[in-house]
Amino acid sequence: MKYIDIHQHQIPALGLGTWDLRGSVAVDMVKAALSMGYRHIDTAQFYENESQVGQAINQSEVPRSAVFLTTKVWPSNLGKSTFLQSVQASLQRLSLDYVDLLLIHWPNPDIPLAESLEALQAAQEQGLTRLIGVSNFPVQLLKESLDTGISLSMNQVEYHPFLQQDTLRSYMREQGIALTAYSPIAKAKVIGEPAIEAIAQKYGKSAVQVTLRWLVQHGDVAAIPRTSNPQRLMQNLHIFDFALNEAEMHVISSLGVKNLRLVSPQNGPAWDA
């Protein structure tokens, strides 16, 4: 496993995303992931599976201290009167005392950003989370956030070979903010991409494995592919026994000219060019 070093903490570069995993499927997949060697689990208030994720972690033989757990606060809870209350509710559903990373899931233009960030920092100061960050924040909102003096560890955004986020990535590197890539395999669109498939054939890997390797090989990127298939869960983990050379990294990066954004709600922020 590779790790991202950020603010004196180590984040496993490969994790399990749990979007749309519900009920016993969520429990079984998280428990299976932990038994296979995953140590990074991602959930959110909006996913409505925090209870199942917490159940799996608590039933696992893996110590809680060895699991890096992220949850995210939904936009409707970003006001000062609801933020900390919603985090406490998340912890109750998880049956845990803290999470490792707490993120603002999406910005809410109807609530002052400084108000949300103050509550986010308060959650950290109260020991409800070890690290704090945001999700779906473009450069302008990151700048506004950092101007408040708050220290952010992570920005979770859509990131895959077809969406390079060059402007955002450059700014985040300057500020020492790591990136968690959701939709890391572009909703399976990397499968069948000739450039990726050619590299996959060379290494005896799948296009998905090559893509995940490309992501984690950046050094400051974590990937959280979501799957409900135990076989694919294991396959996704097998990306640390090979490395892409510089030319192969460049070939995959060059696919970013497609600028294919798959997640862009109408009420989302103004994305970077």
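**Here's the deal with the overall build of the chain**
Working step 1: A tally of helices and strands in the chain yields ten helices and ten strands.
Working step 2: Whereas a compact globule of 273 residues would reach a radius of gyration of roughly 19 Å, the chain reaches 18 Å, a difference of no more than 12%.
Working step 3: By its C-alpha atoms, the chain is 55 × 45 × 35 Å across when sized along the principal axes.
Working step 4: Counting the 273 residues in the chain, one finds 55% classified as buried.
Working step 5: Looking at the chain alone, contacts between residues at least 24 apart form 75% of all its contacts between residues at least 6 apart.
Working step 6: For the chain, the computed accessible surface area is about 11,700 Å², with 47% contributed by carbon and sulfur atoms.
Working step 7: Across the chain, 21 positive and 25 negative side-chain charges occur, with their mean positions spaced 6 Å apart.

**Quick word on the pattern of salt bridges**
Working step 1: A full pass over the atoms with the stated rule returns nine salt bridges.
Working step 2: Asp-220 is the salt-bridge partner of Arg-169, the closest N and O atoms lying 3.1 Å from each other. Of this pair, Arg-169 sits in helix α6 (residues 166–175) while Asp-220 sits in the loop between α8 (207–216) and β10 (221–223), placing them 51 residues apart in sequence. We note that Arg-169, like Asp-220, is buried.
Working step 3: When the shortest N-O distance is used, the salt bridge between Glu-248 and Lys-202 registers 2.6 Å. In this pair, Glu-248 is assigned in helix α10 (residues 246–253) and Lys-202 in helix α7 (residues 194–203), connecting sequence segments 46 residues apart.
Working step 4: For Glu-248, a relative accessible area of 7% gives the class buried.
Working step 5: Among the charged side chains, a network of salt bridges with common partners joins Arg-64, Asp-100 and Arg-130.

**What about the side chain of Asn-236?**
Working step 1: For Asn-236, the position within the fold is in helix α9 (residues 230–237).
Working step 2: Its relative accessible area of 7% is what places Asn-236 among the buried residues.
Working step 3: Among residues more than four places away in sequence, those in contact with Asn-236 are Leu-14, Tyr-38, Val-208, Leu-212, Pro-225 and Thr-227.

**Some words on empty space enclosed by the protein**
Working step 1: As enumerated under the stated definition, the model contains one cavity of 30 Å³ or more in all.
Working step 2: In terms of lining residues, the largest cavity is bounded by Phe-137, Pro-138, Val-157, Gln-165, Leu-168, Arg-261, Trp-271 and Asp-272.
Working step 3: Residues belonging to the lining of the largest cavity are distributed by class as follows: five nonpolar, one polar and two charged.

**Digging into the packing of α7 against α10**
Working step 1: At a minimum axis separation of 9 Å, α7 and α10 run at an interaxial angle of 150°. When the axis of α7 is compared with that of α10, the two are roughly antiparallel. Of the two possible hands of crossing, α7 and α10 adopt the one that is left-handed. Facing α7, whose interface residues are Ala-195, Ile-196, Ile-199, Lys-202 and Tyr-203, α10 presents Glu-248, Val-251 and Ile-252.

**Re the side chain of Thr-211**
Working step 1: Examined against the element boundaries, Thr-211 turns out to sit in helix α8.
Working step 2: In this view, Thr-211 contacts Pro-161, Pro-184, Ile-185, Val-190 and Ile-196; residues no more than four positions away in its chain are not counted.

About the cut-offs
Counting restarts for each chain, with residues numbered from 1 along the sequence as it is written. At least 70 in pLDDT is required for a residue's local features to be given in this predicted model, at least 80 for side-chain atom pairs to be given and counted, and no such filter applies to totals for whole chains, interfaces and linings, which use all residues. The basis for every side-chain value is the complete set of heavy atoms in the structure, and neither hydrogens nor water enter the calculation. Strands are runs of DSSP state E lasting at least two residues, helices are runs of H or I lasting at least four, and both sets are numbered from the N terminus onward. Based on C-alpha atoms, the radius of gyration is set beside the globule rule, defined as 2.2 Å times the residue count to the power 0.38. Summary of the burial criterion: residues with accessible area below 20% of their type's maximum are buried, those above 50% are exposed, and those between are partly exposed, where the area comes from a 1.4 Å probe applied to protein chains only. Contacts: residue pairs with any heavy atoms within 4.5 Å of one another. All accessibility values rest on the Shrake-Rupley procedure with a 1.4 Å probe; residue burial counts only the protein chains present in the view. The charge count treats Lys and Arg as positive and Asp and Glu as negative. His and the chain ends do not count. By convention, the charge on Lys lies at NZ, on Arg at CZ, on Asp at CG and on Glu at CD. Take a side-chain nitrogen of Lys or Arg and a carboxyl oxygen of Asp or Glu: if they are within 4 Å of each other, that pair is a salt bridge. Points on a 1 Å grid, built from protein atoms alone, make a cavity when a 1.4 Å probe fits but cannot get out and make a pocket when they are open with protein on both sides within 12 Å along at least 5 of 7 lines; residues with an atom within 4 Å of a point are the lining residues. Grid points are joined across faces, edges and corners, and a volume is the space filled by probe spheres set on the points. The nonpolar class holds Ala, Val, Leu, Ile, Met, Phe, Trp, Tyr, Cys and Pro. Asp, Glu, Lys and Arg form the charged class, and all remaining residues, Gly among them, are polar. Axis lines are fitted through C-alpha atoms, for helices just across the contact stretch, and the angle between N-to-C directions can take any value from 0 to 180 degrees. Angle categories are assigned with fixed cut-offs, so that under 35 degrees is roughly parallel, over 145 is roughly antiparallel, 65 to 115 is roughly perpendicular, and the rest are oblique. Left-handed is the label given to a crossing in which the near helix is rotated counterclockwise from the far helix by less than a right angle, and right-handed is the label when the rotation is clockwise.

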